[in-house]
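# A structural walkthrough
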There are 2 protein chains.
Amino acid sequence: VRGRGDGVTIAVDAMGGDDAPASVVEGALLAAQDEGLTILLVGDEARLRDQVAAHPAANRIRLVHAPTAVAMDESPSLVIRRRRDSSIWRATELVKTGEAHAVVSAGHTGASMATAFFLLGTLEGVERPAIATILPTLKGAAVLLDVGANVDSKPQHLVQFALMGHVYAQRVLGNASPRVGLLSIGEEDSKGNELTKEAFKLLKQAQINFIGNVEGRDVYTGDADVIVCDGFIGNVALKISEGLAEAIQQVLRREITQSFFGRLGFVLLKPAFRRFKRRVDYAEYGGAPLLGINGVSIICHGRSSPKAIKNAIRVARDFVAGDVNHHIRDDIARHFERPAGAAPDGRREFPGR
Amino acid sequence: VRGRGDGVTIAVDAMGGDDAPASVVEGALLAAQDEGLTILLVGDEARLRDQVAAHPAANRIRLVHAPTAVAMDESPSLVIRRRRDSSIWRATELVKTGEAHAVVSAGHTGASMATAFFLLGTLEGVERPAIATILPTLKGAAVLLDVGANVDSKPQHLVQFALMGHVYAQRVLGNASPRVGLLSIGEEDSKGNELTKEAFKLLKQAQINFIGNVEGRDVYTGDADVIVCDGFIGNVALKISEGLAEAIQQVLRREITQSFFGRLGFVLLKPAFRRFKRRVDYAEYGGAPLLGINGVSIICHGRSSPKAIKNAIRVARDFVAGDVNHHIRDDIARHFERPAGAAPDGRREFPGR
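Predicted model only: the values in this text are computed from it and were never measured. (Residues numbered from 1 in each chain as written. Chains lettered and ligands numbered in written order. Predicted model: local features only at pLDDT ≥ 70, side-chain atom pairs only at ≥ 80, totals over all residues. Heavy atoms only, no water.)

### A few points about empty space enclosed by the protein
- All chains considered together, the criterion is met by five cavities of 30 Å³ or more.
- A volume near 60 Å³ is recorded for the largest cavity.
- Listed by contribution, the elements that provide at least two residues to the lining of the largest cavity are helix H4 (87–96) and helix H5 (109–120) of chain B.
- Its residues assigned to classes, the lining of the largest cavity shows five nonpolar, six polar and one charged.
- Around the second largest cavity, the lining residues are Asp13(A), Met15(A), Gly16(A), Ala69(A), Val70(A), Ser87(A), Ile88(A), Ser105(A), Gly107(A), His108(A) and Ser112(A).
- Each residue belonging to the lining of the second largest cavity can be placed in one class, and the counts come to four nonpolar, six polar and one charged. (1 Å grid on protein atoms, 1.4 Å probe; cavity = no way out; pocket = protein on both sides within 12 Å on 5 of 7 lines; lining within 4 Å. Points joined across faces, edges and corners; volume = space filled by probe spheres on them. Helix = DSSP H or I, 4+ residues; strand = E, 2+ residues; numbered from the N terminus. Nonpolar A, V, L, I, M, F, W, Y, C, P; charged D, E, K, R; others polar.)

Quick look at the structure:
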């Protein structure tokens, strides 16, 4: 599935993220070097130039000037109306014009999402795009979606999320036959709320390996590869997981450093803790793709390290190379019984390709 | 707030739970001994007699025979129609007849709930009872409700959950002025889904310390004392937390035992791990109360240890001693502007008291 980076161009919002532009630029340089990609680094050119110039991969980076950056407290609708000189807008525009295949940003999630919707639109047949996130599990990784693009979803939206997550797991995570579960509150078919009960019936008819309801407690066991839910639920599930993991870490650290033997034990356990951290570190999995838009947009955590940025760029590359949007469009067309590729205007998922 | 156990009688479903009756009986004996309570132990008398007889607290235990027990795969509606000889039914009946002040069960949650609804009914003014759970946080403990009694709640139900959780935090957890938050997907007032946005407006008018929206990531920080949500969301949040905590433990153990130094470090860290475990152990917090019913019903985890049973019995005692139901009824009456205590039939929350 995974292609080489040659010929793939990724636009990176250099000004988005807690440690932007430094971390983002470093991540972009790493990606350019290791993956052989061309990167369009979008932001305040004067600030970016020095950091890039000295680097051996500088020849794979092109700077694209954007005079402003979106602040974390700006509303997405304001960004669309008034911040067209911002780095996220300009970076997304490069996908629209075909100069880049994908955009990656660790800035304001709402602004990234709104800009992608507005500039790129949705894929033919997709009613609601979804943010997918990759969770580490006891057996590998699972895709959870939607984690916040939509609230108050309808049953058919959940079916679309399932189809999109299924394609993503196949084409980007390399899982030939992903098991798709519906996040609910009991394993029996009849359990759930109005939304999930209706979605359950529809999912049973979809051409995917639907394994039924998955409870919250099964999310991390790895028994499902794609877990589908409304964006409100998914966002709560994701954030509560982040919060709990952090709380556990804090309490454990506090208890450990209380005694001399604890501190000594900790030194001995450092390699184990490091391996553990690597296993559960979101940075390993890169960013969260916005599925269902007519283009490729990868959203990163605001606190992304250079490695996380690099991995998100790699995800963007795999998304492009795996032709994810083409497959999403086909699968949705097949499910909803519209012939694939029959769009009268000949719209294609990667403008300019 | 906390009263002594004297004069309080708790009915315990001896046959409910993974290790029932052994664990349950042991927990009941511990509670009888340490808290000075009278326990009605409900179940297969012949099986219970021996374990109780030899114990120093045996004189505080009375056996009540119930020939059958509800299995985990029976539907709650079947239990109500056909299992009136079961331990959970008989134990709940003791509350209805006034022979016990409260019922505690680690059996089938749905059966406990259905039996309590059916036999005891709801408190005056309460539209939907809720299951509240106590979560450990970085600063102490928080009440999360509803975690599964209802799905598809309406905004006014969330307000009732808030009022009930508020009373519970005050009267049982001893928190004079609990901060009440609404579980949502952004801290701004305007964030959320249809349900939470409407509930937000109503909660602002309630006579509680409403601190606004609380994100999933804030649940474990301890910045809110009561967190309100629909039962579907709450159940997913609770189960995903349990699943993640377990997964973290498993991965950490696997990494630690991989090397000699890891195993040595682990030995040194044992006291720290033990303290950690105690801090986050659900058993410390006892069971989950079913709030809003006309009686007291505490639901325990199926895997409850004797200590967890004992603590759940203590929670039941505090619930009774704190006169929680009286306060819930008053607060709900005040909020919905019905004069408190004006029930024409003079119904009271503890039948037979």
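### Section: the confidence of the model for chain A
Residue and element names in this part refer to chain A.
- Averaged over chain A, the pLDDT score is 89; the fraction of residues at 70 or greater is 92%.
- Every residue in residues 339–353 scores below 50 in pLDDT, and together they form 33 contacts with partners more than four places removed in sequence or on other chains.
- Among the scores for the predicted complex, ipTM is 0.87 and pTM is 0.89. (pLDDT = per-residue confidence, 0-100. Contact = heavy atoms within 4.5 Å.)

### With respect to the packing of aromatic side chains
- Considering all chains together, one arrives at six aromatic pairs over all chains under this definition.
- Ring geometry for Trp89(A) versus Phe118(A): centroids 5.8 Å apart, planes at 45°, classification tilted. Of this pair, Trp89(A) sits in helix H4 (residues 87–96) while Phe118(A) sits in helix H5 (residues 109–120), and the two are 29 residues apart along the sequence.
- Trp89(A) gets classed as buried once you look at its relative accessible area, which sits at 2%.
- An angle of 70° between the planes, with centres 5.3 Å apart, marks the rings of Phe200(B) and Phe210(B) as edge-to-face. Taken as a pair, Phe200(B) in helix H7 (residues 194–204) and Phe210(B) in strand E8 (residues 209–215) lie far apart in primary sequence, 10 residues in all. For the pair formed by Phe200(B) and Phe210(B), the shared burial category is buried. (Phe/Tyr/Trp six-rings, centres within 6.5 Å; stacked < 30°, edge-to-face > 60°. Buried < 20%, exposed > 50% of the residue type's maximum accessible area, 1.4 Å probe, protein only.)

### Remarks on the sheet that holds strand E10 (residues 288–291) of chain B
Residue and element names in this part refer to chain B.
- One open sheet holds the 11 strands; their spatial order is E3-E2-E1-E4-E11-E10-E5-E6-E9-E7-E8, and the pairing between them is mixed. Both outer strands of the open sheet, strand E3 (61–65) and E8, are each paired with one neighbouring strand and no more. Taken over all neighbouring pairs, the strand axes of this sheet differ in orientation by 30° on average, direction set aside.
- Sheet analysis places strand E7 (residues 179–184) next to strand E9 (residues 226–228), joined by three bridges and oriented parallel. Within the sheet, the bridge partner assigned to Val-180 lies in E9 and is Val-226. (Pairing = 2+ DSSP bridges. Axes fitted to C-alpha atoms, helices over the stretch in contact; angles between N-to-C directions.)

### Some words on the side chain of Ser297(B)
All names here are of chain B.
- Within the element layout of this structure, Ser-297 appears in strand E11 (residues 297–299).
- Looking at Ser-297, the relative accessible area reads 3%, which means it is buried.
- Look past the residues within four positions of Ser-297 in its chain and what remains in contact with it is Val-103, Ala-116, Ala-288, Pro-289 and Leu-290.

### Comments concerning the nonpolar core
- Formed by 112 residues in total, the largest nonpolar core has its most connected members in Ile131(A) and Ile131(B).
- Contacts of Ile131(A), omitting those with residues within four sequence positions, involve Thr109(A), Met113(A), Leu144(A), Leu145(A), Asp146(A), Val147(A), Gly148(A), Ala149(A), Ala288(A), Pro289(A), Leu290(A) and Ile299(A). (Core = buried A, V, L, I, M, F, W, Y, C linked by side-chain atoms within 4.5 Å.)

### Overview of the interface of chain B and chain A
- At the interface, 50 residues of chain B touch 51 residues of chain A.
- Approximately 5000 Å² of surface area, both sides summed, lies buried where chain B meets chain A, with 73% of it carried by carbon and sulfur atoms.
- When residues of chain B are sorted by the area they lose upon contact with chain A, Arg217(B), Phe232(B) and Ile240(B) head the list and together hold 14% of the total.
- Where chain B touches chain A, the interface holds four salt bridges.
- In this structure, Glu242(B) engages Arg217(A) in a salt bridge whose closest nitrogen and oxygen atoms are separated by 2.7 Å.
- For the pair chain B and chain A, the number of links is eight residue pairs in polar contact (both at pLDDT 80 or more).
- Of all the elements in the fold, those that place two or more residues in the side of chain B that touches chain A are E7, H7, helix H8 (231–256) and helix H9 (260–280) of chain B.
- It is H8(B) that provides the largest number of residues to the side of chain B that touches chain A, a total of 20 residues.
- Of the residues that constitute the side of chain B that touches chain A, the class distribution is 26 nonpolar, 13 polar and 11 charged. (Buried area = accessible area lost by both parts, 1.4 Å probe. Salt bridge = Lys/Arg side-chain N within 4 Å of Asp/Glu carboxyl O. Polar contact = N/O pair within 3.5 Å; in protein donor to acceptor, adjacent residues only side chain to side chain.)

### Re the sheet that holds strand E6 (residues 140–145) of chain A
Residues and elements named next belong to chain A.
- The sheet built from 11 strands is open, its strands ordered E3-E2-E1-E4-E11-E10-E5-E6-E9-E7-E8 with mixed pairing. Each having just a single partner strand, strand E3 (61–65) and strand E8 (209–215) make up the two edges of the open sheet. On average, adjacent strands in this sheet sit at an angle of 30° to one another, irrespective of strand direction.
- One ladder, built from three bridges, connects strand E4 (residues 102–105) with strand E11 (residues 297–299); its direction is parallel.

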